[in-house]
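Chains, contacts and geometry: an overview
The primary structure of each chain is shown beneath.
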Amino acid sequence: MIAQLAERPVGRAYATVRDRLGRTPYWSRVIVVLVAIGAAVISWGDDYVTAVAVSVATYAMLGLGLNIVVGYAGLLDLGYAAFFAIGAYTSALLMTQAHWNFFTTLPFAVLFTGTAGAILGYPTLRLRSDYLAIVTLGFGEMTRITFNNWEFAGGPNGVLGIPWPNFFGYEFNTQGDFFIVGLFLLAIAMIFAEHLDHSRLGRGWVAIKDDEFAAESVGVPSLRLKLFAYVMGGMWGGLAGAFFATRIGAIDPTSFTFQLSVLILIVIVLGGTGSLPGVLLGALVVVALPEVLRELSDVRLLVFAILLVGMMLLRPQGLWPRIRRKPKPFYGLEEEEAEDTAARILREHQVQMEARDRRHAAAGHKVPSVGETLLQVEGVVQQFGGLRAVDNVSFNVRRGEIFSIIGPNGGGKTTLFNCITGVQRPKRGQVLFDGRPVVGLRPHVIVARGIGRTFQGIRLFKNMAVFENVMVGLYPRHRTMTWQAMLHTPGERKDELRTLQESRRWLSFVGLESVAGRLATELSYADQRRVEIARALAAHPHLVLFDEPAAGMNPTEKLELVAIIRKIRDLGITVILIDHDMSLVMRVSDRIAVLDHGILIALGKPAEIQNNPAVIEAYLGREDDDMGTLTAQEA
Amino acid sequence: MGVFLQYTVIGLTVGSFYALVALGYTIVYGIIRLINFAQGDLSMVGAFLGWTLLVSFGFEHLPIYLALVIAFVVPMIGTAVVNLGILQFAYKPLLRRSLLAILITALGMSLLLQNAAELIWGAAIEAYPPNLLPLSGFFVGPVHVTYVQIALVTASLLLMGGLVAFVQGTTMGTAMRALAVDHDAARLMGIDVDAVIRIAFVLGAMLAAASGVMLGIYYVQIHFTMGFLLGLRAFTAAVLGGIGNIPGAMVGGLLIGLLEAYTTGYLSGTWEDVVVFGVLITVLIVKPTGLFGERVAERM
Ligand SMILES: Nc1ncnc2c1ncn2[C@@H]1O[C@H](COP(=O)(O)OP(=O)(O)OP(=O)(O)O)[C@@H](O)[C@H]1O
Ligand SMILES: [Mg+2]
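Residues numbered from 1 in each chain as written. Chains lettered and ligands numbered in written order. Predicted model: local features only at pLDDT ≥ 70, side-chain atom pairs only at ≥ 80, totals over all residues. Heavy atoms only, no water.

1. Here we look at the environment of A:Thr174
Residue and element names in this part refer to chain A.
- Among the secondary structure elements, Thr 174 is positioned in the loop between strand 2 (170-171) and helix 8 (175-197).
- When the C-alpha positions of Thr 174 and Gln 317 are compared, they lie 37 Å apart, and in sequence the two are 143 residues distant.
- A distance of 3.1 Å separates a polar atom in the side chain of Thr 174 from the backbone nitrogen of Asp 177. (Helix = DSSP H or I, 4+ residues; strand = E, 2+ residues; numbered from the N terminus. Polar contact = N/O pair within 3.5 Å; in protein donor to acceptor, adjacent residues only side chain to side chain.)

2. Looking at the sheet that holds strand 4 (residues 387-398) of chain A
Residue and element names in this part refer to chain A.
- On the basis of which strands lie adjacent, the open sheet formed by four strands has the order 4-3-6-7 and antiparallel pairing. The sheet is open, and its two edges are formed by strand 4 and strand 7 (436-437), each paired on a single side.
- Contacts from helix 15 (residues 413-421) reach strand 3 (373-384), strand 4 and strand 6 (428-433), with the element oriented near 115 degrees to strand 3. (Pairing = 2+ DSSP bridges. Contact = heavy atoms within 4.5 Å. Axes fitted to C-alpha atoms, helices over the stretch in contact; angles between N-to-C directions.)

3. With respect to the interface of chain B and chain A
- In this complex, chain B contributes 45 residues to the contact, which on the side of chain A involves 41 residues.
- Across the interface of chain B and chain A, roughly 3,800 Å² is buried in total on both sides, 80% from carbon and sulfur atoms.
- The tally of links between chain B and chain A comes to zero salt bridges.
- There are two residue pairs in polar contact (both at pLDDT 80 or more) connecting chain B and chain A.
- At the level of secondary structure, the elements contributing two or more residues to the side of chain B that touches chain A comprise helix 3 (64-91), helix 4 (99-121), helix 9 (226-241) and helix 11 (272-286) of chain B. (Buried area = accessible area lost by both parts, 1.4 Å probe. Salt bridge = Lys/Arg side-chain N within 4 Å of Asp/Glu carboxyl O.)

4. Examining the domain arrangement of chain A
Residue and element names in this part refer to chain A.
- Assigned domains of chain A: these are domain 1 (45-314), domain 2 (335-367), domain 3 (368-450 + 542-635) and domain 4 (458-540).
- Each of domain 1 and domain 3 has a C-alpha centre, and these two points are 50 Å apart.
- At the junction of the two partners, domain 1 supplies eleven residues and domain 3 supplies five residues.
- Where domain 1 abuts domain 3, roughly 580 Å² becomes buried across the two surfaces, and 59% of that area is made up of carbon and sulfur atoms.
- The largest contributions to the domain 1 side of the interface with domain 3 come from Phe 213, Glu 216 and Ser 217, which together make up 58% of the buried area.
- Taken together, the connections running from domain 1 to domain 3 amount to one salt bridge.
- Between Glu 216 and Arg 442 there is a salt bridge, and its shortest N-O distance comes to 3.3 Å.
- Counting the contacts that link domain 1 with domain 3 gives two residue pairs in polar contact (both at pLDDT 80 or more). (Domains from an automatic or database assignment.)

5. Let's talk about the pairing of strand 5 (residues 402-406) of chain A
All names here are of chain A.
- Taken across its five residues, strand 5 has five buried, putting it largely inside the fold.
- Because side chains alternate across strand 5, one face comprises the buried residues Ile 402, Ser 404 and Ile 406, and the other comprises Phe 403 and Ile 405, equally buried.
- When strand 5 meets strand 10 (residues 574-578), the two strands line up parallel, connected through four bridges. When the bridges of strand 10 are listed, Ile 405 appears paired with Ile 578. (Buried < 20%, exposed > 50% of the residue type's maximum accessible area, 1.4 Å probe, protein only.)

6. Regarding the pattern of salt bridges
Residues and elements named next belong to chain A.
- Taken as a whole, this structure holds 20 salt bridges over all chains when the rule is applied.
- Between Arg 498 and Asp 495 there is a salt bridge, and its shortest N-O distance comes to 2.9 Å. Highlighted residues: Arg 498 and Asp 495, both in helix 19 (residues 490-509), separated by three residues, approximately one helical turn.
- Asp 495 gets classed as buried once you look at its relative accessible area, which sits at 10%.

7. Here we look at the packing of helix 1 (residues 2-32) of chain B against helix 8 (residues 193-219) of chain B
All names here are of chain B.
- For the pair helix 1 and helix 8, interaxial distance at closest approach is 9 Å and the crossing angle is 165 degrees. Overall, the two elements helix 1 and helix 8 adopt an arrangement that is roughly antiparallel. Handedness of the crossing formed by helix 1 with helix 8: left-handed. Taking contact as the criterion, the partners of Ile 10, Thr 13, Val 14, Phe 17, Leu 20, Val 21, Leu 23, Gly 24, Ile 27, Val 28, Ile 31 and Ile 32 in helix 1 are, on helix 8, Val 196, Ile 197, Ala 200, Phe 201, Leu 203, Gly 204, Leu 207, Ser 211, Met 214, Leu 215, Tyr 218 and Tyr 219.
- Split into classes, the residues belonging to the contact of helix 1 with helix 8 amount to 20 nonpolar, four polar and no charged. (Parallel < 35°, antiparallel > 145°, perpendicular 65-115°, else oblique. Left-handed = near helix turned anticlockwise from the far one by under 90°. Nonpolar A, V, L, I, M, F, W, Y, C, P; charged D, E, K, R; others polar.)

See the structure below:
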């Protein structure tokens, strides 16, 4: 439909305007919109309308916080009111007991709720997502009941007589004043949220939400990112809570019930999970709709419930859904010559490799040079119930070689990859990379050590464009801090630009620059596999593991793949390859290992493997591989 | 010791109600991965249907066994119909789409049921006939056990036994278990997934309604908001036992009942929720899948 619109002059004009607007900084747009809203409400609205508007702003602030947890990181939270409560009580108690100024209590409200976020987040990180529902709900109820039973905080009566905010002698005490303070806090929250969304953190969150397992395997520290989300979400809630306390003047535990948590969740889901304008719209609907329905008194909530269910059915994606796609990703980036790209990749890669080797040597480890052992697999055993998927396998991979692992289906090849990359912990045995053990490390740490991988069943992030998939692969190499991302500092901007440029180079390396802006799922099977390769390379690994990269490719595509693999080796990266296509494996490999029923039955140069009786025996009578036909042809 | 045993008796009675509702959560969750937040409110609907029959229609004056059969069977059927309606209109269109949207819809249905009940039956507290079952009891040593408790716990156990027999013994039950393990494989085997989902909703609603009527008989007073706490406890129980796991839901329900009784008895009613959730969170930290839940290995 958008495409049709773009054909017409109106559509074109709209697109141009949007494009222009899109290039003005986000903060300026937020400020313009919020100032306009503020001016409109204050000049035309009476006290009642302004009061409702202040409530909308409060809910929007809460929605923005919860949106980080639910919309960005994809974690469920049914106890968000707890943060609101902690923020409100912190600020209220500091103001009434210690007689602090409202504005000086804000950092403490934020600090306390951030800590509460960490306390909630830490134990729940490893829980499956459905369980989060009840745990967060429980956290919310526990917080409320604790305040209810806590004498110092007034017990069931709460805190009374909370003063107005005072700013260098100016007291904020009308609804209009509060609306201004509310909009100010809202603007800060929105700008930070937008910056986060477009930083590496935002990308990491989208990746985790899409496929946590794949994200972790390409270097995203998923547990840390989830914890961040809880902490940051909590901080936003604290800000909203402090604002709420001073505005209402008296708080008690009944303001922070499960129902409130649900309402905030409704704000973001109704608005469009993850979308900032959606949050504003959602807050407007959730606060204003019951006000509009006030006439109905008795059946007000019933009608609200019916409308809510109806809206969910009509627009499950929300009223203003989130759009993350940039169809022209490299717009405005300076062009690079084709030769130049290849040379730059090589240069950048060498810089990275050398830096790593230096760090490695400085830490007192021996750096293997070309031809020496890079990866040692020693007596690795992996067992599933009674099945030994990998049975006491040992071999060495040398730096700079292309090493292939073949074997019949179910031979244990993928399982071996999983043991090397930290996805699974082997039951026994050791894996040494660069002379250092990697068993027991989390997958993202192993990526940072220098091992990249692709997956047998393609696991690209479906909600991201191709270039963003590759940018996720660059995650381990970012050096910017979270606060830089929030403020969108020049340093962070430079880092982002570099990431973008590098993702473009890697895409051109695998020949996919032209489709960078498409969704990964729109590409052909073969192209998706190439995106996975680019994503694995983006972290500048020493060693890459490719699990059946040629599956589903036609002969031409396989030829291109061979060329890519050789190019990767030319960069100095060691390659381990699993594939069922014998002619391809024989052509590119320096050495080949054969796994059958988890046992390493042969290891050697391609020619040796072809004539190895045990290998032929293992493949004999199996139709799923073409070893038989290959040896027949050779004969 | 006597006091402890007394609390145990109370805890087991209440726990058996929780277990029934928890089973509803678990069956539905096992099949469509939906936390049906309206489950507790279905209990409330069942309780009010039973009350209407007994009090408004005067069935309490029938012979006791007949009255009880009517007061259980009709609400169970009625609630099942309500739940099927919810499934058809609210959940079905969203089943293969956004999980969050369907969760919000479930919360919306809970709100809707409560407010519809308020509209139909009013906001006042209603009372079950107080002497439907003999109020007396007997002493086992120092512990007082009432006939009502015996009857209600027996009834819950019978219902749970019936459910286990259904799930283990019938073709439909086998299909349910298959579906809970692997959706796609079950579909490929020719299982009529929609039919299984409907059965799960019917069973869940029937158990919830039965527990609602029991609560009415046990506590006498019912109110349109009673489903919230009941649902919360039952949901906690289901997760504690390992959601999706049938014996887990039963054990979880009983444990939550006991925990609640001991907390109220020894500490104070105001700390009930804190203790219950505290125990739940501790258990989940130690065993993230719940007491009986199995870890599903990630396959690629
Ligand atoms: N998580 C798991 N749980 C149980 N069994 C598993 C698991 N992962 C793999 N297996 C089993 O281990 C054996 C080896 O599987 P693996 O995927 O490693 O084989 P493969 O050599 O990669 O086969 P293919 O060529 O088909 O990809 C198979 O029998 C498989 O069913
Ligand atoms: Mg495999």
